[in-house]
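Structural characterization, general
What follows is each chain in one-letter form.
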Amino acid sequence: MPSLKLDTRELAEQYDVISDKQFEHGKLLLADLRVTSGLRVLDVGCGTGRLGEYAASELVGEQHGEVVGVEPLALRVDIARQRVLTNRTANHHVHIGRAENLSQFEDASFDIVYLNSVYHWLADKRPVLAEAFRVLKPTGRLGISVASKDRPHDIQRVLQDVLVEHALYRDATGATPHRVGFSELGSQLEGAGFLIDQIILRSFADVFPNAEAVLDFNSASSFGNYLTDYTPDTRERVLASLRQRFTALQTAEGIVACRHLLFAVASKPVAGKPA
Ligand SMILES: C[S@@+](CC[C@H](N)C(=O)[O-])C[C@H]1O[C@@H](n2cnc3c(N)ncnc32)[C@H](O)[C@@H]1O
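The rules behind these values
- Residues numbered from 1 in each chain as written.
- Predicted model: local features only at pLDDT ≥ 70, side-chain atom pairs only at ≥ 80, totals over all residues.
- Heavy atoms only, no water.
- Helix = DSSP H or I, 4+ residues; strand = E, 2+ residues; numbered from the N terminus.
- Contact = heavy atoms within 4.5 Å.
- Phe/Tyr/Trp six-rings, centres within 6.5 Å; stacked < 30°, edge-to-face > 60°.
- Buried < 20%, exposed > 50% of the residue type's maximum accessible area, 1.4 Å probe, protein only.
- Lys NZ or Arg CZ within 6 Å of the ring centre and 35° of its normal.
- Axes fitted to C-alpha atoms, helices over the stretch in contact; angles between N-to-C directions.
- Parallel < 35°, antiparallel > 145°, perpendicular 65-115°, else oblique.
- Left-handed = near helix turned anticlockwise from the far one by under 90°.
- Nonpolar A, V, L, I, M, F, W, Y, C, P; charged D, E, K, R; others polar.
- Near = heavy atom within 4 Å.
- Polar contact = N/O pair within 3.5 Å; in protein donor to acceptor, adjacent residues only side chain to side chain.

Describing the environment of Val67
With respect to the helices, strands and loops of the structure, Val67 is situated in strand β2 (residues 66-71). Each residue touching Val67, except ones within four places of it in the same chain, is listed here: Val41, Asp43, Gly52, Ala55, Ala56, Val60, Asn91, His92 and His93.

A short note on the packing of aromatic side chains
Applying the stated criterion across every chain yields a total of six aromatic pairs. For the ring pair Phe133 and Phe194, a centre distance of 5.2 Å and an interplane angle of 80° mean the geometry is edge-to-face. Taken together, the positions of Phe133 in helix α5 (residues 125-135) and Phe194 in the loop between α7 (182-191) and β6 (195-208) put the pair 61 residues apart, joining distant regions of the chain. Here Phe133 matches Phe194 in class, with each residue buried. An angle of 50° between the planes, with centres 6.3 Å apart, marks the rings of Phe204 and Phe263 as tilted. Placement of Phe204 in strand β6 and of Phe263 in strand β7 (residues 255-267) is noted, with a sequence separation of 59 residues between them. Residue class for Phe204 comes out buried when judged on its relative accessible area of 17%. Geometry around Phe217 places Lys21 over its ring, the cationic atom sitting 5.4 Å from the centre.

A word on unusual backbone geometry
The phi dihedral of Arg88 falls on the positive side, at around 50°, and the residue is not glycine. Mapped onto the fold, Arg88 is located in the loop between α4 (74-87) and β3 (92-96). Phi is positive for Phe223, close to 40°, though the residue is something other than glycine.

A word on the packing of helix α6 (residues 154-165) against helix α9 (residues 232-248)
Viewed as axis vectors pointing N to C, α6 and α9 meet at an angle of 130°, and their least axial separation amounts to 10 Å. With respect to their mutual orientation, α6 and α9 come out oblique. As α6 packs across α9, the resulting crossing turns out to be right-handed. Residues Ile155, Val158, Leu159, Asp161, Val162, Leu163 and Glu165 of α6 form the contact with α9, whose participating residues are Val238, Ser241, Leu242, Arg245 and Phe246. Of the residues in the contact of α6 with α9, the class split is eight nonpolar, one polar and three charged.

Some details on the site of the ligand
As a matter of local geometry, the ligand sits amid 19 residues, with Tyr15, Gly45, Glu71, Ala99 and Asn116 nearest to it. In this structure, an oxygen atom belonging to the ligand sits 2.6 Å away from a side-chain N or O atom of Glu71. Of the residues in the shell around the ligand, the class split is 10 nonpolar, six polar and three charged.

Listed below in structure tokens is the structure:
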């Protein structure tokens with residue numbers, strides 16, 4: 001279970017700078033969701049607010065549309081709120097909160113709810129989907145982008161090899177500890193009462209300039225959870241092996257690693273939860 005107490009200002013600031021990949025995946029998710037002018041949107045696990053800012057300023061319109069971000073890490077909320085102030089995005093608001101408990105929001109109050117690169121951090125999906133269902137208006141849409149359990153990232157595979165090399169438990173925390181499979185995600189959505197519009201797998205070739213950039217990306221994206229369930233000595237040994245393995249993958253273009261994500265869009269039925 002990832003901890004929400006390990007984030008630091010440095011990791012939060014670093015995430016804001018290195019999260020282009022999540023930002024680009026998020027833009028695809030918002031396109032899948034057909035986010036258009038006038039909609040009220042909830043960005044769950046909004047991080048430092050980059051995607052929410054994009055949706056607020058480019059998609060929903062200042063007149064009638066609004067984007068509300070909710071995020072448990074105070075340091076990331078600070079950065080998101082600073083972004084709102086700097087850019088004067090009057091229709092973007094950010095609050096502290098968790099996906100499992102959206103009680104600060106009324107029933108049927110959003111047209112769109114999305115979780116971009118967040119779902120694989122959540123151990124218990126049931127309350128998350130129940131809350132998304134509750135706050136969505138009938139016919140409102142839920143969007144999820146999530147790491148695929150069936151097709152792990154290349155980076156995750158390298159990590160698992162290194163853990164085995166060090167005789168460590170295979171599934172120890174690296175990144176994205178609660179990935180889901182294609183049919184698992186479908187069952188979860190249907191079990192929560194949603195009608196599935198689409199679930200698709202998209203693959204991306206990530207390019208990192210060097211081994212250190214791969215490790216920085218994972219640390220900042222994991223808000224302090226990257227291999228921190230090991231003793232400092234073991235963690236250092238694992239990190240040294242990872243550096244070595246990633247350096248061996250260096251090419252003139254950088255280190256290329258494939259990432260496979262599921263993108264789901266589901267709707268809340270007009271007549272509430274089906275039997
Ligand atoms: C990889 S970041 C993605 C941030 C943002 N959605 C984006 O697209 O850049 C994962 C985020 O999930 C958030 N998160 C972790 N546990 C959460 C929970 N229980 N409820 C809501 N957000 C959570 C983290 O705090 C972190 O900001």
